[in-house]
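The residues making up each chain are set out below.
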There are 2 protein chains.
Amino acid sequence: MKALIVDDDLALADIVSFTLRRAGYEVIVANDGAMALERWQTEAPHFLILDLNLPRLSGLEVCRRIRAESDIPIIILSVRDEDDDVVRALQLGADDYIVKPFSPRQLVARLEAVLRRSGSDRPVPDRFTAGDLTLDSLRAEIYVGENPVGHLTHLENQLLQTFMLNPNQVLPAEALIDHVWGPAGGDRAMLKQLVYRLRAKIEAAGTQTRVETVAGVGYSLATGRREPA
Amino acid sequence: MKALIVDDDLALADIVSFTLRRAGYEVIVANDGAMALERWQTEAPHFLILDLNLPRLSGLEVCRRIRAESDIPIIILSVRDEDDDVVRALQLGADDYIVKPFSPRQLVARLEAVLRRSGSDRPVPDRFTAGDLTLDSLRAEIYVGENPVGHLTHLENQLLQTFMLNPNQVLPAEALIDHVWGPAGGDRAMLKQLVYRLRAKIEAAGTQTRVETVAGVGYSLATGRREPA
DNA sequence: CAGCCAGGTTATAAAGAGGTAACAAAAAAG
DNA sequence: CTTTTTTGTTACCTCTTTATAACCTGGCTG
């Protein structure tokens, strides 16, 4: 997820930049209004952290112009905390208004609240791939390439999903049982049975990917490629 | 648009209440946490203004419980302005956090920013189309092309509308129940029945569009066209 | 070599999900 | 206040999914 930080105070921009990077975002910086618009166009960031007091083009104006064309989340970060400023910025379409000096933790929390609400936060991934096999965990459907080749039951879906989150790794039986049935929900006999049925389905699908047995320990999803060291 | 204000300080609740009413909102008040949940259930407000420091059930707990069942906008209004409090509230799913004493103008501006972002401000359009089937949700009338081909009941209308807002997507049973009956309002048996009745009507209408079952998950409205990747 | 695991296979039973239908309660219409 | 429509409830049936048990196999150990 890519952030565009707009601030003419380089030290400030650095702090914000550092904060967001640490929170796991990619960061681009612009130092004035005109540059902000340009970067916004060329870089297509996912959201903006915008100072109001900018050379060349005011923050409010930047906000207005971007809002005219895009619905991207915009968070204002400003020294001014007059009611008028806040209200005007929000009315122009900003999503939040934070007054400097700001708390990094709060900035991130507020940002994530806005992202959550805007729907641009990463939705829980519902599609997994291992080797040539793909699982659509929402539909519980498996594919080889583009072709649907089979339908899984709840438990099979759950199990394959666990495998795909840890491909080419040996997963102890206990861990698998926990992931599929939850704690105190399953036993080895049930897992054995489930593995058997899952194997039948993915073998019928005609894929390289297999569930391998690791005697005495558990199972592992082999993608056919060499396992990374 | 209906607000639920939750605050044990009656004077404060009155001020907020007055502010929102003047801004054109309908207002309901609750004075403690338990009452808040009850009112939320019975009154189905469009958003919450929530104090944190409540008798009987803390504001955070109210927030958590409501978030477990609903996506309704929640704005926290609290005297506490510790970073920890703000961050925790936002992480629990609150949309904004305003510190008392608050500015009425700013409260309204922030509220409206959240409502805008949450999409609850734009009126639901009253005409939907999916494939060759059209729904006039105001009249609860369905058409194939220009010809009216059937009349739906309230619930059927609600359900089809939900489908048409997300065509060709798998909608989990829970989500459908929520949209049709609201939180804590329906169960699978009722949904099953409702789907059965809706299917009868749209099948009788002679359309390509169908409600498909996704076993173990929910349903999906299939328009007959290829689904977008 | 006999016996005993662990794990694969097969079979069968229990549980559950979903479609259909009929009916009763509640709400709306007249 | 009666009649009609809508909604909720229950029951039944079928098909799928899941659990359980029995059996088979091959490797390992005493």
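Counting restarts for each chain: residues are numbered from 1 in the order of the written sequence. Naming scheme: in the order in which they are written, chains are lettered from A and ligands are numbered from 1. The predicted nature of this model means local features are confined to residues of pLDDT at least 70 and side-chain atom pairs, given and counted, to a pLDDT of 80 or more, with totals for whole chains, interfaces and linings taken over all residues. Calculated side-chain values reflect all of the structure's heavy atoms, with hydrogen atoms and water omitted.

Quick notes on the overall build of chain A
Selection rule: Numbering of helices and strands starts at the N terminus; helices are DSSP runs of H or I of at least 4 residues and strands are runs of E of at least 2. For this measure, only C-alpha atoms enter the radius of gyration; the expected value for a globule follows 2.2 Å times N^0.38, where N is the number of residues. For every residue, the accessible area obtained with a 1.4 Å probe (protein chains only) is divided by the maximum for its type, and the residue is called buried under 20%, exposed over 50%, and partly exposed between those limits. The contact criterion used is simple: two residues touch if any of their non-hydrogen atoms lie within 4.5 Å. Residue burial considers only the protein chains on display, and all accessible areas are found by Shrake-Rupley using a 1.4 Å probe. The charge count includes Lys and Arg as positive and Asp and Glu as negative, but it does not include His or the ends of the chains. For the purpose of locating charges, the reference atoms are NZ of Lys, CZ of Arg, CG of Asp and CD of Glu.
In terms of helices and strands, chain A carries 8 helices and 12 strands. Its C-alpha radius of gyration of 25 Å places chain A more than 25% over the 17 Å reference for a compact globule of 229 residues. Overall, the C-alpha framework of chain A stretches about 65 × 35 × 35 Å when taken along its three principal axes. In chain A, buried positions account for 48% of the 229 residues. Taking all contacts inside chain A whose residues are at least 6 apart in sequence as the whole, residues at least 24 apart take part in 53%. Of the accessible surface of chain A, which amounts to about 11500 Å², a share of 50% is contributed by carbon and sulfur atoms. The centroid of the 26 positive side-chain charges in chain A is displaced by 5 Å from the centroid of its 33 negative side-chain charges.

Things to note about the protein's contact with DNA strand D
Rule in force here: Note on definitions. A residue lies near a molecule or strand when any single heavy atom of the residue is within 4 Å of it. Identification of polar contacts relies on pairs of N or O atoms within 3.5 Å, with a donor-acceptor requirement for protein atoms, meaning one able to donate a hydrogen and the other able to accept it, and with residues adjacent in sequence counted only if both atoms are side-chain atoms. Under the scheme applied, nonpolar residues are Ala, Val, Leu, Ile, Met, Phe, Trp, Tyr, Cys and Pro; charged residues are Asp, Glu, Lys and Arg; polar residues are all the others, including Gly.
If you check the shell around DNA strand D, you find 15 residues, and the closest are Thr153(A), Met190(A), Thr153(B), Trp181(B) and Arg197(B). Take the atoms of DNA strand D that sit within 4 Å of the protein: sugar and phosphate atoms are 64% of them. For DNA strand D, a phosphate oxygen lies 3.2 Å from a polar atom in the side chain of Trp181(A). Mapped onto the surface near DNA strand D, the elements with two or more residues apiece are helix H6 (154-165) and helix H8 (188-204) of chain A together with helix H6 (154-165) and helix H8 (188-204) of chain B. For the surface near DNA strand D, the per-class residue count stands at 6 nonpolar, 7 polar and 2 charged.

Considering the packing of helix H1 (residues 10-22) of chain B against helix H5 (residues 104-118) of chain B
All names here are of chain B. Keep this limit in mind: All axes are obtained by fitting lines to C-alpha atoms, using only the stretch in contact for helices, and the reported angles, taken between N-to-C directions, cover 0 to 180 degrees. Any angle that is under 35 degrees is reported as roughly parallel, and any over 145 degrees as roughly antiparallel; angles of 65 to 115 degrees are reported as roughly perpendicular and all others as oblique. With the far helix as reference, a near helix turned anticlockwise by less than a right angle produces a left-handed crossing, and one turned clockwise produces a right-handed crossing.
The interhelical angle for the contact between H1 and H5, taken along N-to-C directions, is 60°, at an axis separation of 10 Å. Taken together, the axes of H1 and H5 lie oblique to each other. Seen from above, H1 lies across H5 with right-handed handedness. Across from Val16, Thr19 and Leu20 in H1, the residues of H5 making contact are Pro104, Leu107, Val108 and Leu111. Partitioned by chemical class, the residues of the contact of H1 with H5 number 6 nonpolar, 1 polar and no charged.

Here's the deal with the protein's contact with DNA strand C
Surveying the vicinity of DNA strand C reveals 16 residues, the closest of which are Lys192(A), Thr213(A), Tyr196(B), Arg199(B) and Thr213(B). Sugar plus phosphate: this is where 52% of the atoms of DNA strand C within 4 Å of the protein reside. Between DNA strand C and the protein, one listed contact pairs a phosphate oxygen with a backbone N or O atom of Gly216(B) at 3.0 Å. For the surface near DNA strand C, the secondary-structure elements that each account for two or more residues are H8 of chain A together with H8 of chain B. Taken together, the residues of the surface near DNA strand C break down into 6 nonpolar, 6 polar and 4 charged.

Topic: the sheet that holds strand S11 (residues 210-214) of chain A
Residues and elements named next belong to chain A. Condition: Paired strands, in this sense, are two strands between which DSSP finds at least two bridges.
With antiparallel pairing, 3 strands are arranged side by side in an open sheet as S10-S12-S11. With one partner strand each, in any of the chains shown, strand S10 (170-172) and S11 form the two edges of the open sheet. Between one strand axis and the next, the sheet turns by 30° as a mean value, whatever way the strands run. Bridge count for S10 against strand S12 (residues 218-222) is 3 bridges, and the pairing is antiparallel. Residue pairing across strands places Val170 opposite Ser220, the latter belonging to S12. Against the sheet, H6 makes contact with S10, S11 and S12, and its axis sits at roughly 70° relative to S12, the strand it touches most. Against the sheet, helix H7 (residues 173-181) touches S10 and S12, its axis set at about 75° to S10.

Overview of the domain arrangement of chain A
Our working rule: Segmentation of the chain into domains, including their bounds, is taken from an automatic or database domain assignment.
One can read the domain layout of chain A as domain 1 (2-118) and domain 2 (127-222). Relative to domain 2 of chain A, the C-alpha centre of domain 1 of chain A lies at a distance of 44 Å.

A short note on the packing of aromatic side chains
All names here are of chain A. What counts here: Stacked, tilted and edge-to-face are the three classes applied to pairs of Phe, Tyr and Trp rings, where Trp contributes its six-membered ring and a pair requires centres within 6.5 Å; stacked means planes under 30 degrees apart, edge-to-face means over 60, and tilted covers the rest. Ring-over charges, as used throughout, are those where CZ of Arg or NZ of Lys falls within 6 Å of the ring centre and within 35 degrees of the ring normal.
All told, the structure shown has 2 aromatic pairs over all chains when counted by the stated rule. Measuring from ring centre to ring centre gives 5.5 Å for Tyr25 and Phe47, while their planes differ by 85°; the resulting arrangement is edge-to-face. Highlighted residues: Tyr25 in the loop between helix H1 (10-22) and strand S2 (26-30) and Phe47 in strand S3 (residues 47-50), separated in sequence by 22 residues. Seen from the ring of Tyr143, Arg127 lies directly overhead, with NZ or CZ sitting 5.1 Å from the centre.

Some details on empty space enclosed by the protein
If a probe as big as a water molecule is rolled over the atoms, it shows which places are left empty. The line we're drawing: The distinction between a cavity and a pocket rests on a 1 Å grid over the protein atoms alone: a 1.4 Å probe fits inside a cavity but cannot get out, while a pocket stays open yet meets protein on both sides within 12 Å along at least five of seven lines, and a residue with an atom within 4 Å of a point counts as lining. Grid points are joined across faces, edges and corners, and a volume is the space filled by probe spheres set on the points.
Inspection of every chain in the model, using the stated rule, returns 1 cavity of 30 Å³ or more. Its boundaries defined by the atoms lining it, the largest cavity holds a volume of some 90 Å³. The wall of the largest cavity is formed by Asp95(A), Asp96(A), Ala113(A), Val114(A), Arg117(A), Asp95(B), Asp96(B), Ala113(B), Val114(B) and Arg117(B). Where the lining of the largest cavity is concerned, the elements lending two or more residues are helix H5 (104-118) of chain A together with H5 of chain B.

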